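Architecture at a glance
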Amino acid sequence: MLNWLIDIIFPYRCIVCGKYLNKEYLCQSCFNALPVKKQNECIGCQRPTPLGKTCVFCREAYAVDQLFVASDFKDRNVASAIKLFKYRFLPNLAQPLSQLAFKHLDHLAKRDYFSIVRGNPLLVPVPLFKTREYWRGFNQAELLAQLIARHYRLDVGEGLIRSVHGTPQADLKDRPERLSNVQGLYICLNPETFRGRAIILVDDVCTTGATLNECARILKNAGAVSVMALAIARG
Ligand SMILES: [Zn+2]
Ligand SMILES: [Zn+2]
């Protein structure tokens, strides 16, 4: 029913050039033209740091140890792909968006010999409140995490959930409000899944980093040894 509706409202055409496609929304050449980030930054102060490690000044306030942002939200095609994926429920856009992450991580592998699979990390999607997920039909972070897991042969860890229905972060504009809005929103159901593990949190967009940070805090309380975060873009 939903797929049939999507076909009518959103025919399979490239969202950039308009070319008709087969069950896709981005043609290869428009995908190739999307920017891939070559630099990484601290999750807190957003200053450039090697491999996105959280800088010494932000380390106390942030439980995320390292942040990877694949592409640039300032690029209008990237921004529209993410918005269509998230708010127009086009799950097929998960493929090209996750491929941006592969391109970014491949770049780091070549330049800095960085390996995302080192230490066999567990991928954990940032959870949505269940009614939002049912309404949308999918959790966009979970779709991305599954594709990334398949690509790198890693596992997806389940058990981090959203507890109560707070105001969605996107509806809040200022930073202090965003930071306090997320506290107490996430619960870890089965700490044994995460105990002693390196974690990679996955989300489509990182904004202030408050959501990723709160999830990282909960996972570290559950016994995770390190938490990296991977987002497609920073908005
Ligand atoms: Zn195109
Ligand atoms: Zn910093």
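Just above, that's the structure.
The structure contained in this document is the topic of the report that follows. Each chain has its residues counted from 1, running along the sequence as written. By the order in which they are written, chains take letters starting at A while ligands take numbers starting at 1. Selection of residues for local features in this predicted model requires a pLDDT of at least 70, selection of side-chain atom pairs for listing and counting requires 80 or more, and totals for whole chains, interfaces and linings are taken over all residues. Calculation of side-chain values draws on the structure's entire complement of heavy atoms; hydrogens and water are dropped beforehand.

**Description of the environment of K74**
Counting through the fold element by element, K74 comes out in the loop between strand 1 (66–72) and helix 3 (76–87). Owing to a relative accessible area of 76%, K74 belongs among the exposed residues under this scheme. Spatially, the C-alpha atom of K74 lies 8.6 Å from that of R234, the residues being 160 residues apart in sequence. Helix numbering and strand numbering both begin at the N terminus, where a helix is a DSSP run of H or I of at least 4 residues and a strand a DSSP run of E of at least 2. For every residue, the accessible area obtained with a 1.4 Å probe (protein chains only) is divided by the maximum for its type, and the residue is called buried under 20%, exposed over 50%, and partly exposed between those limits.

**As for the coordination of the zinc ion (ligand 2)**
In this listing, donors mean N, O and S atoms no farther than 2.8 Å from the metal, or 3.2 Å for Na, K and Ca; water is missing from the atoms, so a site can look incomplete. At the metal site, the zinc ion (ligand 2) is ligated by C42 (SG), C45 (SG), C55 (SG) and C58 (SG), and these contacts range over 2.3 Å. Between 85 and 135 degrees for all angles marks four donors as tetrahedral; over 155 degrees for opposite donors together with 65 to 115 for all other angles marks four donors as square planar and six as octahedral; every other arrangement is irregular. Here the zinc ion (ligand 2) is ringed by four donor atoms whose angles at the metal span 103 to 116 degrees, and the overall shape comes out tetrahedral. One chain supplies every donor for the zinc ion (ligand 2), spaced along it as C-x2-C-x9-C-x2-C. With C42 in the loop between helix 2 (28–32) and strand 1 and C55 in the loop between helix 2 and strand 1, this residue pair connects regions lying 13 residues apart in the sequence.

**Looking at the coordination of the zinc ion (ligand 1)**
Distances from the zinc ion (ligand 1) to its protein donors, C14 (SG), C17 (SG), C27 (SG) and C30 (SG), fall at 2.3 Å. Coordination at the zinc ion (ligand 1) is tetrahedral: its four donor atoms span angles of 98 to 117 degrees at the metal. For C17, a relative accessible area of 45% corresponds to the partly exposed category.

**Quick notes on the pairing of strand 2 (residues 122–125)**
Where a strand is regular, its side chains alternate between the two sheet faces. Side chains of strand 2 alternate between two faces, with L122 and V124 and L123 and P125 buried alike. Bridge analysis of strand 2 against strand 3 (residues 155–156) gives two bridges, and the strand direction is parallel. Bridge assignment links L123 to a residue of strand 3, and that residue is V156. Direction of pairing for strand 2 relative to strand 6 (residues 198–206): parallel, over a ladder of four bridges. Looking across to strand 6, one finds that L122 is bridged to I199. Strand pairing follows a simple DSSP-based rule, namely that at least 2 bridges must link the two strands.

**With respect to the pairing of strand 1**
In terms of burial, strand 1 is largely enclosed, as six of its seven residues are buried. Where strand 1 and strand 7 (residues 226–234) come together, six bridges link them in parallel fashion. Across the sheet, F68 pairs through a bridge with L230, a residue of strand 7.

**What to know about helix 6 (residues 140–152)**
For helix 6, with 13 residues, the first-to-last C-alpha span of 19 Å sits near the 18 Å given by 1.5 Å per residue. Every buried residue belonging to helix 6 is among Q140, A141, L144, A145, L147, I148, A149 and Y152, and all of these are buried. Contacts described as polar in this section are N or O atom pairs within 3.5 Å, which, within protein, must combine one atom able to donate a hydrogen with one able to accept it, while residues neighboring in sequence count only if both atoms come from side chains. For helix 6, the N-terminal cap is N139; the gap from its side-chain oxygen to the backbone nitrogen of A141 is 2.9 Å. Count one or two residues on from helix 6 and you reach R153, which has phi positive near 55 degrees. To estimate how far a helix should reach, multiply one less than its number of residues by 1.5 Å.

**Comments concerning the sheet that holds strand 2**
Spatially, five strands are ordered 1-7-6-2-3 in an open sheet, and the strand pairing comes out parallel. Every other strand in the sheet has two partners, leaving strand 1 and strand 3 as the edge strands with one partner each. Judged from the eight bridges that link them, strand 6 and strand 7 form a sheet pairing that is parallel. Paired with A198 across the strands is S226, a residue of strand 7. Note on definitions: a residue-residue contact is assigned when non-hydrogen atoms from the two residues lie within 4.5 Å. To obtain each axis, a line is fitted to C-alpha atoms, and for helices this fit is confined to the stretch in contact; angles are then taken between N-to-C directions over 0 to 180 degrees. Running at roughly 130 degrees to strand 6, helix 6 makes contact with strand 2, strand 3, strand 6 and strand 7 of the sheet.

**Some thoughts on the pattern of salt bridges**
Take a side-chain nitrogen of Lys or Arg and a carboxyl oxygen of Asp or Glu: if they are within 4 Å of each other, that pair is a salt bridge. Counting across every chain of the model gives five salt bridges. K220 is the partner of D65 in a salt bridge, and the nearest nitrogen-oxygen pair spans 2.8 Å. With D65 in the loop between helix 2 and strand 1 and K220 in helix 8 (residues 210–221), this pair connects stretches of sequence that are 155 residues apart. Judged by its relative accessible area of 27%, K220 falls in the partly exposed class. Salt-bridge contacts for K86 lead to D204; the nearest nitrogen and oxygen are separated by 3.3 Å. A residue pair is termed long-range when its members are at least 10 positions apart, and K86 in helix 3 and D204 in strand 6 qualify at 118 residues.

**Notes on the nonpolar core**
Only buried residues count toward a nonpolar core, which is a set of Ala, Val, Leu, Ile, Met, Phe, Trp, Tyr and Cys residues joined through side-chain atoms within 4.5 Å. Counting 46 residues, the largest nonpolar core has F68, L97, L100, L105 and F114 as its most contacted members. Examining the composition of this core, we find that seven residues originate from one element, helix 4 (residues 94–112), more than from any other. Leave out the neighbours within four places in its chain, and F68 touches N40, L51, H104, L105, L108, F114, M228, A229, L230 and A231. Residues L160, C188, C215 and V227 belong to the second largest nonpolar core, which totals 32 residues.

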